[in-house]
Amino acid sequence: MRLIIADDHPLFRMGLRAALELQGYEVVAEASDGLKTVQGVRELDPDAVLLDIRMPELDGLGTARRLREEGYAGLIVMLTTFGEPALVYQAAQAGADAYWSKEMPPEELGQRLGRLAQGLEPRLQLPDLPTLSPREKEVLTQLAKGQSTKEIARDLRLSPETVKDHLERLYTKLEARNRVEALERARGLGLL
């Protein structure tokens, strides 16, 4: 399998290249940013691209999106230290096939990459996001501003009891027990 490794840390690229080549993979290029990655894919048409999320010029998410827009049909694997649900969701939207931790042992990475290519490893799917009503979104926005139940009621011209009902539905949909958890979950899912 022919690969391009894209990461802005040269030592990481070098170590990953050595580990994957020991497992029989052919690294056809390395790139330090997203624009160089896109150019490399155009010229070399690798079977897979391993992308870091945070890179200069064009980040990993933008690179994945651009590759898919240009018709790249190979595998796109995000390798990152960032595990926020919002980033996983954005990676899936951008067309990534996998979202894996950089902390994974190299042998496991090689094995999973092979299984992914054979269709034996599950592909990244868009996670289910809770569906919020327009009013619940308004309440959540006010909640994020730090407003109390009474302040939200006043600003949205609702009774405090109605606001409490909306908050309870938000807690249920976001699987939260309180305001703090609801806001953390909403931010993690990219709802705020």
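If you're wondering where the values come from, they're calculated on a predicted model, not measured in any experiment. (Residues numbered from 1 in each chain as written. Predicted model: local features only at pLDDT ≥ 70, side-chain atom pairs only at ≥ 80, totals over all residues. Heavy atoms only, no water.)

### Examining the environment of Leu113
Quick reminder of the rule: Helix and strand definitions follow DSSP, with helices as H or I runs of at least four residues and strands as E runs of at least two, each counted in order from the N terminus. Each residue is assigned to one of three classes by its accessible area relative to the maximum for its type, calculated with a 1.4 Å probe on protein chains only: buried under 20%, partly exposed between the two thresholds, exposed over 50%.
Looking at the secondary structure, you find Leu113 in helix α5 (residues 106–118). For Leu113, a relative accessible area of 0% corresponds to the buried category.

### Structural notes on the nonpolar core
The line we're drawing: Take the buried residues of types Ala, Val, Leu, Ile, Met, Phe, Trp, Tyr and Cys, join any two whose side-chain atoms come within 4.5 Å, and each joined set is a nonpolar core. The contact rule is simple, with two residues in contact once any of their heavy atoms fall within 4.5 Å.
With 23 residues, the main nonpolar core has Leu51, Leu67, Ile76, Met78 and Tyr99 as its most contacted residues. No other element matches the 4 residues that helix α4 (residues 85–94) contributes to this core. Among all residues touching Leu67, those that are not within four sequence positions of it are Val38, Val41, Val49, Tyr72 and Ile76.

### Structural notes on helix α6 (residues 134–144)
Here is the rule we go by: Arc definition: it is the arc formed by the directions from the helix axis to the C-beta atoms.
Along α6, the residues that are buried comprise Glu136, Val139, Leu140, Gln142 and Leu143. Projected onto a plane normal to the axis of α6, the buried residues spread over an arc of 165° and lie on a single side. Contacts from the buried residues of α6 go to α7 (149–156), α8 (160–173) and α9 (179–188). One or two steps after α6, the chain reaches Gly146, where phi turns positive at roughly 85°.

### Points about the pairing of strand β4 (residues 75–80)
Defined as follows: A pair of strands counts as paired when DSSP detects no fewer than two bridges linking them. Here, the term right-handed applies to a crossover whose path from the first strand over the helix to the second runs clockwise when the strands point away from the viewer.
β4 sits mainly inside the fold: 6 of its 6 residues count as buried. Residues of β4 alternate between two faces, with Leu75, Val77 and Leu79 on one and Ile76, Met78 and Thr80 on the opposite face, all of them buried. Where strand β3 (residues 48–51) lies against β4, 4 bridges are found, and the strand directions are parallel. Residue pairing for β4: Leu50 is matched across the bridge by Val77. This β-α-β element, β3 to helix α3 (residues 60–69) to β4, shows right-handed connectivity. Direction of pairing for β4 relative to strand β5 (residues 98–101): parallel, over a ladder of 4 bridges. Looking at β5, one finds that Val77 is bridged to Ala98.

### Things to note about the sheet that holds β4
Filter applied, for reference: The axes used here are C-alpha line fits, helices contributing only the stretch in contact, and every angle between their N-to-C directions lies in the interval 0 to 180 degrees.
The strand order across the open sheet formed by 5 strands is β2-β1-β3-β4-β5, and the pairing between neighbours is parallel. Looking at strand neighbours, the two that pair on one side only are β2 (26–31) and β5, the edges of this open sheet. Strand-to-strand twist across the sheet, computed as the mean angle between neighbouring axes with direction ignored, equals 20°.

### Digging into the environment of Leu156
Among the secondary structure elements, Leu156 is positioned in helix α7. Taking the C-alpha atoms as reference points, Leu156 and Gln142, separated by 14 residues in sequence, lie 9.0 Å from one another. Apart from the residues within four sequence positions on either side, Leu156 is in contact with Arg135, Glu138, Val139 and Gln142.

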